[in-house]
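Per-entry structural report
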Amino acid sequence: MTFLFYLFAALALFGGIGVVVCRNPVSAAFSMIVSFLGLASLFIQLDAYLVGILQILVYAGAIMVLFLFIIMLLDVKEEEKRHFPYISFAGAGAVVTAFLVLVILVLNRGGTSGRTLPELAATEAGGSDVHRIGELLFGTYWFPVQIVGVLLLAATVGVVVLSKKELR
Amino acid sequence: MDWHLIIAAAIKIVVFVFLVTLPLVAMSVWAERRVSAAIQDRVGPNRVGPFGLLQAVADGIKFLLKEDFTPAHVRKFYFWLAPALTMVPALLTCAVLPFGSRLFGEKMVIADLDVGPLYVFAIASLTVYGIVLAGWASNSKYPFLGGVRSTSQMISYEISLGLSIVPLVMIYGDLNLSRIVHEQAQNGWALLPLWGEGLSLKGFILAIPIFISFIIFTTSMFAETNRLPFDLPECETELVAGYHTEYSSMKFALFFLGEYAAMIIGSGLAVTLFFGGWSLPFGWLTPATLDAEVPWWHGMIHIGTFFAKVIAFILFFIVVRWTLPRFRYDQLMRLGWVFFFEIALANVVLTALLLWLL
């Protein structure tokens, strides 16, 4: 199954490069969707079905639709003509190089080669990854989940208030 | 690598998707035209073959032979990509629907995932890209308006669609469609708990939230598949033909087929979740356990039952289309956000309370 790994990793990378390289904002957004799909496939290959499906459902299916929706309302021709100053290329190059150096240094320190990862909890009957994530979220970590829920609710209410013009 | 599994999966994909679902798409187009004709007191297509049954073949040939015209002002790449993007996700969602119990020792489902309904919603949410890109790539007014309408409509109704099945998942405690169907086969369909453990006070009381979910689910399904009364993205009287105005021949046909394929998958999901999938009523011919062997003729009957239910549901879709008038756009948004969203949330709380009390 390594073949499939390389296929989808290439898809994710290809999409990622497309996001940066494409002049047309719609193409860039579309590349991002492709990249998310590749990433989701990688999650699914690791038996993390729920994470992979949520990646598609939330990011590719909901958030990127909104992105595309906004981008379509822009003047795409204007965006295509825009030129970036060369200093931004230098900055981006510096960030990428620094990140690559960091990754290489970390991997050369031995990485995971000498160590074995902890065993996954034994799968009991009916214990799919959905069940395990559910038990963790609503059992062990119920309090943080509630806090995050309240925070998100506050953010939603705030957005509604801010976007209403007549309220001020 | 286990070649046995791969070959079995390939056979299931070819038979279920290409030999059953695609012809079913063609037949539902025929059924749509005949039923609409009957409702409007016309005759409908009855010339090609017996009862006009071969009309679908004639239509297919016509679509393939017509001139494929690409207008000069479109954005070519996305213009070509969009029809495929509406058709492919619709067919991909077939993968998790259990269309039968077992046949020759094989589970009659292409991928027995533990996240069945979520997978369907995730892939179905990609359908919107086809419509959005078609509207944008056509580079003209009406398709663009259709695409914009469709985006907001599908995002709005995705939420109530997802929330509507939460009560069901809470009651069954599982996201695996095969197990949900087996549970219904033994203890009564979700909407008709008339046998097994379902035939009790608890079963009848839990049928109330399930009925509310069913109403929300079906209505949202109409909105997600852009069918009347929610076909605002392509309503003729306002937008010519909406997002596919600029399309001709097979590219137009792909949008058309994608819509019907989405309708069939939606019916399949509704049947699986609410009407016991492949199971016969009153627990007849139900396998004792999920992994029990089933005689081949039981397996065939189960497959037949599933498709009979799906076809009945498709006919319901069609009759509704030719019975109800179209909603106005603000009414559509109001219905989605103000009514269904809240009712679905309240339904989740209601189910939790009932499960806690009973």
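Residues numbered from 1 in each chain as written. Chains lettered and ligands numbered in written order. Predicted model: local features only at pLDDT ≥ 70, side-chain atom pairs only at ≥ 80, totals over all residues.

Digging into the overall build of chain B
- Scanning chain B from N- to C-terminus turns up 13 helices and 2 strands.
- Radius of gyration (C-alpha) of chain B: 21 Å, near the 21 Å computed for a compact globule of 358 residues.
- Dimensions of chain B, computed from the C-alpha atoms along their principal axes, are close to 60 × 50 × 45 Å.
- Residues counted as buried form 48% of the 358 residues belonging to chain B.
- By sequence separation, contacts in chain B at least 24 residues apart represent 78% of the contacts at least 6 residues apart. (Helix = DSSP H or I, 4+ residues; strand = E, 2+ residues; numbered from the N terminus. Rg over C-alpha atoms; globule rule 2.2 N^0.38 Å. Buried ≥ 20, exposed ≤ 12 C-beta atoms within 10 Å, placed from the backbone. Contact = placed C-beta atoms within 7 Å.)

So, the interface of chain A and chain B
- Taken together, the contact pairs 16 residues of chain A with 15 residues of chain B.
- Elements that contribute at least two residues to the side of chain A that touches chain B include exactly helix H3 (49–73) and helix H6 (129–140) of chain A.
- By residue class, the composition of the side of chain A that touches chain B is 13 nonpolar, 2 polar and 1 charged. (Nonpolar A, V, L, I, M, F, W, Y, C, P; charged D, E, K, R; others polar.)

Describing the nonpolar core
- Counting 114 residues, the largest nonpolar core has Ile-53 of chain A together with Tyr-119, Leu-133, Ala-261 and Ile-264 of chain B as its most contacted members.
- Counting residues per element, this core draws most heavily on helix H11 (residues 249–274) of chain B, at 16 residues. (Core = buried A, V, L, I, M, F, W, Y, C linked by C-beta atoms within 7 Å.)

With respect to helix H12 (residues 296–321) of chain B
All names here are of chain B.
- Here H12 contains 26 residues, and its C-alpha end-to-end distance of 38 Å stays within 8% of the 38 Å for a straight helix at 1.5 Å per residue.
- Among all positions in H12, only Gly-299, His-302, Thr-305, Phe-306, Lys-309, Val-310, Phe-313, Ile-314, Phe-317 and Ile-318 are buried.
- In this fold, the buried residues of H12 make contact with helix H1 (3–39), strand E1 (102–103) and H11. (Expected span 1.5 Å × (residues − 1).)

Here we look at unusual backbone geometry
All names here are of chain B.
- If you check the backbone angles, Asp-41 has positive phi at about 60 degrees while not being a glycine.
- Structurally, Asp-41 can be placed in the loop between H1 and helix H2 (55–65).
- Despite not being glycine, Asn-139 shows a phi value in the positive range, around 60 degrees.
- Positionally, Asn-139 belongs in the loop between helix H5 (127–137) and helix H6 (141–164).

A short note on the packing of helix H3 (residues 76–92) of chain B against H11 of chain B
All names here are of chain B.
- Where H3 meets H11, the axes come as close as 8 Å, and the angle between the chain directions of the two elements is 25 degrees. The pairing of H3 with H11 is recorded here as roughly parallel in orientation. The two elements H3 and H11 meet at a crossing, and its hand is left-handed. Taken together, the residues of H11 that come into contact with H3 (itself represented by Pro-83, Ala-84, Thr-86, Met-87, Ala-90 and Leu-91) are Lys-251, Leu-254, Phe-255, Leu-257, Gly-258, Ala-261, Ala-262 and Ile-265.
- Looking at the contact of H3 with H11 residue by residue, the class counts come to 11 nonpolar, 2 polar and 1 charged. (Axes fitted to C-alpha atoms, helices over the stretch in contact; angles between N-to-C directions. Parallel < 35°, antiparallel > 145°, perpendicular 65-115°, else oblique. Left-handed = near helix turned anticlockwise from the far one by under 90°.)

Some details on the domain arrangement of chain A
- As assigned here, chain A comprises domain 1 (1–80) and domain 2 (128–168).
- The gap between the C-alpha centroids of domain 1 of chain A and domain 2 of chain A is 25 Å. (Domains from an automatic or database assignment.)

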